[in-house]
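Fold and geometry: a report
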Amino acid sequence: MAQILQTVKELEVFFCNLVAEALNIDKEKVSRMFLAFGQPAYASGETMVYVAVEKERDERDIFKNRSKKYESESKSFVYTQQSSRTLTVHFIAYGPESGAYLAYLNEYFYFDETKYQLRKNYLNLVPDRTDGPIRLMEQTNSQWWERWDLKLRFYNTVSVENVVHEIESLDIRLEVNQ
């Protein structure tokens, strides 16, 4: 099995694209939450969706499945370690359509087509760990902005490999001290 170790940035980009496709909106309206140079400005009448992924510490991190396979062509052992990590994905939306968008996203992740896309990216929804959508009002520059939050959790497969080559020659010498 090939190595599987997705970065947070890769996962955030995947979820941003998935959200834009699900909501049928311009990709410019969906962004990663923490960009290096801040967020682009948007008008109060626009709806924007932000995505942030973080690793959640739980008992799945402890359990590792290990296997070893000898490859005769390369004369090496391939050690594979697999585990599952839990990720929390935050969807934060601002604007007039934010509540409807996140209510739809909350349902969207249960569709078979969506589950298929998630599995292709080594992700599985944890259905009993959903928070939201929750409506909040956020004050920015003396103005109240409508904000909705949705928190979903996903199991994410991790697989890493270590290749150890066969010892081809060895020089062993015994010396006796007298």
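Residues numbered from 1 in each chain as written. Predicted model: local features only at pLDDT ≥ 70, side-chain atom pairs only at ≥ 80, totals over all residues. Heavy atoms only, no water.

Even without glycine at this site, asparagine 24 takes up a positive phi of about 55 degrees. When you line up the elements, asparagine 24 lands in the loop between helix H1 (8–23) and strand E1 (30–32). The phi torsion at tyrosine 122 lies on the positive side, around 60 degrees, for a residue other than glycine. With respect to the secondary-structure elements, tyrosine 122 resides in the loop between helix H3 (112–120) and strand E5 (123–125). (Helix = DSSP H or I, 4+ residues; strand = E, 2+ residues; numbered from the N terminus.)

Here is a general trend for soluble globular proteins: nonpolar side chains tend to be buried in one another's company. Phe15, Phe91, Leu105, Phe109 and Phe154 are the most contacted members of the largest nonpolar core, which totals 30 residues. Breaking this core down by element, the ones donating at least two residues are H1, strand E2 (48–56), strand E4 (76–94), helix H2 (98–108), E5 and strand E7 (143–165). Top element by residues in this core is H1. It accounts for nine residues. If sequence neighbours within four positions are ignored, phenylalanine 15 has contacts with Val51, Val53, Val89, Phe91, Phe109, Leu118, Leu123 and Phe154. Grouped together as the second largest cluster of nonpolar side chains are five residues, Met48, Ile92, Tyr94 and Trp145 included. (Core = buried A, V, L, I, M, F, W, Y, C linked by side-chain atoms within 4.5 Å. Buried < 20%, exposed > 50% of the residue type's maximum accessible area, 1.4 Å probe, protein only. Contact = heavy atoms within 4.5 Å.)

All chains considered together, the criterion is met by nine salt bridges. In this structure, glutamate 56 engages arginine 153 in a salt bridge whose closest nitrogen and oxygen atoms are separated by 2.9 Å. Of this pair, glutamate 56 sits in strand E2 while arginine 153 sits in strand E7, and the two are 97 residues apart along the sequence. Arginine 153 shares its class with glutamate 56; the two are buried. Salt-bridge contacts for aspartate 149 lead to arginine 147; the nearest nitrogen and oxygen are separated by 2.7 Å. Members of the salt-bridge network, linked through shared partners, are Glu56, Arg129, Asp131 and Arg153. (Salt bridge = Lys/Arg side-chain N within 4 Å of Asp/Glu carboxyl O.)

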